[in-house]
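One-letter residues, chain by chain:
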There are 2 protein chains.
Amino acid sequence: MPESEASRSGRATMDDVAKLAGVSKSTVSRIIGRNVGAIQISPRTVEKVWEAARQLDYQPNAAARALGRQRTDTIAVVVPSGSPGHHERRFSNLKISEALSGIDRATSTRGYNVILQITAGDPFDDPRHRQVWASGAVDGILWCWEPLRDVEQLPLPVVAVNAVAASAGRGEIGVVNTDDHPGSTLALQHLARLGHTRVAHIAGPADNWNATERRRAYDDFCAAAGWEPVVESGDGFEDTGISAIGRLLSRDDPPTAVFVGGDRMAIGVLAEARSRGVRVPDDLAVIGADGMDFIRFATPRLTTVAMMMYEAARDAANMLMDLIEDRTAEPQQRFASTQLIVLDSCGFRRTYPEHPEETVARNPEELDLLHKRAAEAHERG
Amino acid sequence: MPESEASRSGRATMDDVAKLAGVSKSTVSRIIGRNVGAIQISPRTVEKVWEAARQLDYQPNAAARALGRQRTDTIAVVVPSGSPGHHERRFSNLKISEALSGIDRATSTRGYNVILQITAGDPFDDPRHRQVWASGAVDGILWCWEPLRDVEQLPLPVVAVNAVAASAGRGEIGVVNTDDHPGSTLALQHLARLGHTRVAHIAGPADNWNATERRRAYDDFCAAAGWEPVVESGDGFEDTGISAIGRLLSRDDPPTAVFVGGDRMAIGVLAEARSRGVRVPDDLAVIGADGMDFIRFATPRLTTVAMMMYEAARDAANMLMDLIEDRTAEPQQRFASTQLIVLDSCGFRRTYPEHPEETVARNPEELDLLHKRAAEAHERG
DNA sequence: CTGAAAGCGCTTACAG
DNA sequence: CTGAAAGCGCTTACAG
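All values reported here derive from a predicted model rather than from experimental measurement.

### Section: the overall build of chain A
Right, on to step 1. When you go through chain A residue by residue, the secondary structure sums to 13 helices and 13 strands.
Right, on to step 2. Every one of the 381 residues in chain A was classed for burial, and the buried ones make up 54%.
Right, on to step 3. Of the contacts formed within chain A by residues at least 6 apart in sequence, a portion of 66% connects residues at least 24 apart.
Right, on to step 4. Within the structure as shown, chain A displays about 16,300 Å² of accessible surface, and the carbon and sulfur contribution to it stands at 48%.

Structural data, given as structure tokens:
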């Protein structure tokens, strides 16, 4: 073994590998780093170099590589932290875990690392985040849930996930949003199929992409179906679900069903209905939106429109890496799919008790099929 | 402005700043980078340099800085991904979000970045993770939930959070675990106070630190209180909670209370009790462990021992940064606190209806006080 | 208090 | 197919 093997840091360097293999640093770089000019190298040399690298347990230094290539194979992922109050220590949006899994799936497949940037408030207000973006520490930014302000000024490719609609498509940035409008329509069709005509809506915060799309779908559906729109507003959390359903149930003509623009508010609705002696789904059908894990822990289990954040985030990450690797690629605007998860809070299974435990419908056709099959089974049984 | 301002990457470099300020690169480095020898610099020079940096919107290059300092101010955070089956797309342990928040709190305060490494299975099996550890891309590793195998061989400081007990304290690594034993004892004392003597336990997986500590606490408490220990086992998820409570309720002498070693299993217990017509808390008191967000969405709201993962993870991150900044510092073994969250599934509030909505007890003294005050209020009312 | 110079460990035109 | 050399943009002893 060459004497210089263990350099100051205790780890082998590319020079050590070159000496042991009897070749130049350039050659080692071409082989190990899969770098420029690596196409034509004699098999013998390749062999020798890998053998030397193995012997020395060589690992290329990330900083030196980044400095030489002007690339880090790392992206920044900006996600919101918890909201104020007693939630401050948790992610406010439980779908973030799902998004992170999707991002990890995409990045780990393509050999990228992820720097996690959790932000309370405006990400631009955090000098440390700006430093990461401007220091060359990352090759691109995945911008999750945050409003899009100024992102297009950044000297890096940016792709946004579930960003506020108003700003989408302004600059040269990609956007992947969940498709809440058609998803919500599916939910409303489900209620219509079950015979409801007095359906209210509890809307989430107006500055949120998902919430506004859900409300828009409700308004559109009412107009098309000839329903009278009845909307109460909430902030996305349990308490406002409780107060909103309270107001709805106190009306002279209380709704027979409610489409709640968020699963956490729907949990509040279930609790308040229970404490008022209103039976769900018998007296009131409740359908949520989000697709949080805990819908299956609610009583009754909550039927909901699930946003496929895993897919959305995975696709967004892939788009970002495409932009990084090919600067001529066009940023795109895409939508991730949604699906209706049919559980117990709308009475579908009461009508069709033979139906399997949990079923999903991803589009009007599947919903159609679902209701047809259930009806057939009902007649047979 | 100097002609070289916009170097190839379009961004100002340290050289540009030096020229504009009329000083040497060394000086700029000492001032901007807060580097060696920065103590004695004339105020005028400092002023000039910052002004030039501001004018050029200068941001030091991260890779170059890392290469020069042999430090990245970045840590790797290793967390488990979802388990197999339909949970594969989510973090299996919802406490991970809480841990990430705690880590972010500590690292962002001290100017560190976080590289997120989500792993399915053994982190050592992922060559990309090993590469991050060995390439100098990070200064240390925060090892969350994973078994500790081989971590001490890594050439970096490592701190583990809620790692399996067996391996803890072997090498030169720090460990911060949640203090499940005393926490669980608190839960059992709560049940004892409420008059229960036939208390069963549903244990989580034996290869999990939290689960084994909870079971140990149960065994110890039974021995001390003279209770007959009755243990059923589960895997931590809802289904096994359902089957375990089924077996317990089918006994000739069914328990009047059950300490469930995990909130998700406890949800299964609540569901199964309901479907069997067993009223909670009247016929059966149920107490969970973990402190998941969704305990407040359950019916009845689940009383539980919450593990303070935010604190645990924050402390662990701080310990790791201490080790990085002072290689002579000793890795330590610490515990993060737990607290009993008293909600509705044990009947405490049925006995003492005047009591506030949600209360916590962090230690035996507080639990004592809780019960005493509740009793007094009860007598007065 | 400040500067010139070597060094960190790679990558990549440019020759050959 | 391979090597010598310049360059990436910082940091830091070493002089002065």
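Now, onward.
### Here we look at the pairing of strand β10 (residues 303–307) of chain A
The two faces of a sheet get side chains in turn, since along a regular strand they alternate between them.
Residue and element names in this part refer to chain A.
Right, on to step 1. Buried residues dominate β10, accounting for five of its five residues.
Right, on to step 2. Residues Thr303, Val305 and Met307 of β10 are buried on one face, and the alternating residues Thr304 and Ala306, pointing to the opposite face, are buried as well.
Right, on to step 3. Pairing analysis gives four bridges linking strand β9 (residues 285–290) to β10, with the strands arranged parallel. Counterpart to Asp290 in the pairing with β10 is Ala306.
Right, on to step 4. The pairing of β10 with strand β12 (residues 338–342) spans four bridges and is antiparallel. Across the sheet, Thr304 pairs through a bridge with Ile341, a residue of β12.

### Some remarks on the sheet that holds strand β10 (residues 303–307) of chain B
Residue and element names in this part refer to chain B.
Right, on to step 1. Taken in spatial order, the seven strands of this open sheet run β7-β6-β8-β9-β10-β12-β13, and their pairing is mixed. In this open sheet, the two strands that pair with only one neighbour each are β7 (231–233) and β13 (359–361). The mean angle between the axes of side-by-side strands here comes to 20°, regardless of whether they run parallel or antiparallel.
Right, on to step 2. Against the sheet, helix α7 (residues 180–193) engages β6 (199–203), β8 (257–260), β9 (285–290), β10, β12 (338–342) and β13, with an angle of about 25° to β12.

### Structural notes on the environment of Asn35 of chain A
All names here are of chain A.
Right, on to step 1. The topology assignment puts Asn35 in the loop between α2 (25–32) and α3 (43–56).
Right, on to step 2. Sequence-wise, Asn35 and Arg69 are 34 residues apart; in three dimensions their C-alpha atoms are separated by 9.4 Å.
Right, on to step 3. Each residue touching Asn35, except ones within four places of it in the same chain, is listed here: Ser29, Arg30, Arg65 and Arg69.

### Side note on the pattern of salt bridges
Right, on to step 1. Taken as a whole, this structure holds 44 salt bridges over all chains when the rule is applied.
Right, on to step 2. Linking Glu98 of chain B and Lys95 of chain B is a salt bridge whose minimum nitrogen-to-oxygen distance equals 3.0 Å. Residue Glu98 of chain B and its partner Lys95 of chain B are located together in helix α5 (residues 95–110), separated by three residues, close to a single helical turn. No difference in accessibility class separates Glu98 of chain B from Lys95 of chain B, as the two residues are buried.
Right, on to step 3. Arg279 of chain B serves as the salt-bridge partner of Asp283 of chain B, at 2.9 Å between the closest nitrogen and oxygen.
Right, on to step 4. Look at Asp283 of chain B and you get partly exposed, because its relative accessible area is 33%.
Right, on to step 5. Each of the salt bridges in this network shares a partner with another, and the network as a whole consists of Arg69, Arg71, Asp73 and Asp139 of chain A.

### A closer look at the side chain of Glu238 of chain B
Right, on to step 1. Its place among the elements puts Glu238 of chain B in helix α9 (residues 238–249).
Right, on to step 2. The buried category is assigned to Glu238 of chain B, whose relative accessible area is 12%.
Right, on to step 3. Polar side-chain contacts of Glu238 of chain B include one of 2.8 Å to the side chain of Arg264 of chain B.
Right, on to step 4. Setting aside residues up to four positions removed in sequence, Glu238 of chain B forms contacts with Phe297 of chain A together with Arg264, Met265, Ile267 and Gly268 of chain B.

### Focus: helix α1 (residues 14–21) of chain B
Right, on to step 1. Every buried residue of α1 of chain B is accounted for by Met14, Asp16, Val17, Ala18 and Ala21 of chain B.
Right, on to step 2. Buried residues belonging to α1 of chain B abut α2 (25–32) and α3 (43–56) of chain B.

### Regarding the relation of the copies chain A and chain B
Right, on to step 1. In the superposition of chain A on chain B (RMSD 0.0 Å, axial shift 0.0 Å), the rotation amounts to 180°. In symmetry terms, the pair is related by a two-fold rotation axis.
Right, on to step 2. Same-surface contact between copies: 100% of interface residues of chain A are shared with the interface of chain B.

### A word on unusual backbone geometry
Right, on to step 1. Cis geometry marks the peptide bond from Val280 of chain B to Pro281 of chain B; its omega dihedral reads 10°.
Right, on to step 2. With respect to the helices and strands, the residue Pro281 of chain B is situated in the loop between α10 (263–275) and β9.
Right, on to step 3. A cis amide bond links Thr299 of chain B with the next residue in sequence, Pro300 of chain B, at an omega value of -10°.
Right, on to step 4. Although it is not a glycine, Asp290 of chain A adopts a positive phi angle of roughly 140°.
Right, on to step 5. Among the structural elements, Asp290 of chain A can be located in strand β9.

### Some thoughts on the pairing of β9 of chain B
All names here are of chain B.
Right, on to step 1. Across the six residues of β9, six count as buried, placing the element largely inside the fold.
Right, on to step 2. The alternating pattern of β9 places Ala285, Ile287 and Ala289 and Val286, Gly288 and Asp290 on opposite faces, both of which are buried.
Right, on to step 3. Bridging between β8 and β9 involves three bridges; their strand directions are parallel. Looking at the pairing, Phe259 lines up with Ile287 of β9.

### Considerations on the packing of helix α1 (residues 14–21) of chain A against α2 of chain A
Residues and elements named next belong to chain A.
Right, on to step 1. As a packed pair, α1 and α2 sit with axes 8 Å apart at the nearest point and diverge in direction by 105°. Taken as axis vectors, α1 and α2 run roughly perpendicular relative to one another. Note on element contacts: α2 touches α1 through Lys25, Val28 and Ser29, opposite Met14, Asp15, Val17 and Ala18.

### Some details on the interface of chain A and chain B
Interfaces are often sized by the accessible area lost when the parts come together.
Right, on to step 1. The interface is formed by 46 residues belonging to chain A together with 46 residues belonging to chain B.
Right, on to step 2. For the pair chain A and chain B, the two sides together bury roughly 4,600 Å², of which 55% comes from carbon and sulfur.
Right, on to step 3. Linking chain A with chain B are eleven residue pairs in polar contact (both at pLDDT 80 or more), by the criterion used here.
Right, on to step 4. At the level of secondary structure, the elements contributing two or more residues to the side of chain A that touches chain B comprise α4 (62–69), α5 (95–110), β2 (113–119), α6 (127–134), α10 (263–275) and α11 (309–325) of chain A.
Right, on to step 5. No other element matches the seven residues that α5 of chain A contributes to the side of chain A that touches chain B.
Right, on to step 6. Looking at side-chain class alone, the side of chain A that touches chain B contains 22 nonpolar, 13 polar and eleven charged residues.

### Quick notes on the packing of aromatic side chains
Right, on to step 1. All chains considered together, the criterion is met by eight aromatic pairs over all chains.
Right, on to step 2. Following the ring pairs from residue to residue traces out a cluster consisting of Phe124, Trp133 and Trp143 of chain A.

### Brief notes about the packing of α2 of chain B against α3 of chain B
All names here are of chain B.
Right, on to step 1. Two elements in contact, α2 and α3, have axes whose closest approach is 10 Å; the angle formed by their N-to-C orientations is 85°. Considering their axes alone, α2 and α3 lie roughly perpendicular with respect to each other. Residues Thr27, Val28, Ile31 and Ile32 of α2 touch α3, and the partners they reach there are Thr45, Val46, Val49, Trp50 and Ala53.

### A look at the sheet that holds β12 of chain A
Remark on secondary structure: sheet strands pair via backbone hydrogen bonds, oriented parallel or antiparallel.
Residue and element names in this part refer to chain A.
Right, on to step 1. A sheet is described by the order of its strands in space; here seven strands give the open sequence β7-β6-β8-β9-β10-β12-β13, paired in mixed fashion. The two strands at the open ends of the sheet, each matched to only one other strand, are β7 (231–233) and β13 (359–361). In this sheet, adjacent strand axes meet at a mean angle of 20° when their direction is disregarded.
Right, on to step 2. Alignment of β12 against β13, held across three bridges, turns out to be antiparallel. Looking across to β13, one finds that Val342 is bridged to Thr359.

What counts, and where the lines are drawn
- Residues numbered from 1 in each chain as written.
- Chains lettered and ligands numbered in written order.
- Predicted model: local features only at pLDDT ≥ 70, side-chain atom pairs only at ≥ 80, totals over all residues.
- Heavy atoms only, no water.
- Helix = DSSP H or I, 4+ residues; strand = E, 2+ residues; numbered from the N terminus.
- Buried < 20%, exposed > 50% of the residue type's maximum accessible area, 1.4 Å probe, protein only.
- Contact = heavy atoms within 4.5 Å.
- Areas by Shrake-Rupley, 256 points an atom, 1.4 Å probe, with all protein chains shown as cover.
- Pairing = 2+ DSSP bridges.
- Axes fitted to C-alpha atoms, helices over the stretch in contact; angles between N-to-C directions.
- Salt bridge = Lys/Arg side-chain N within 4 Å of Asp/Glu carboxyl O.
- Polar contact = N/O pair within 3.5 Å; in protein donor to acceptor, adjacent residues only side chain to side chain.
- Least-squares fit on C-alpha atoms with pLDDT ≥ 70 in both.
- Parallel < 35°, antiparallel > 145°, perpendicular 65-115°, else oblique.
- Buried area = accessible area lost by both parts, 1.4 Å probe.
- Nonpolar A, V, L, I, M, F, W, Y, C, P; charged D, E, K, R; others polar.
- Phe/Tyr/Trp six-rings, centres within 6.5 Å; stacked < 30°, edge-to-face > 60°.

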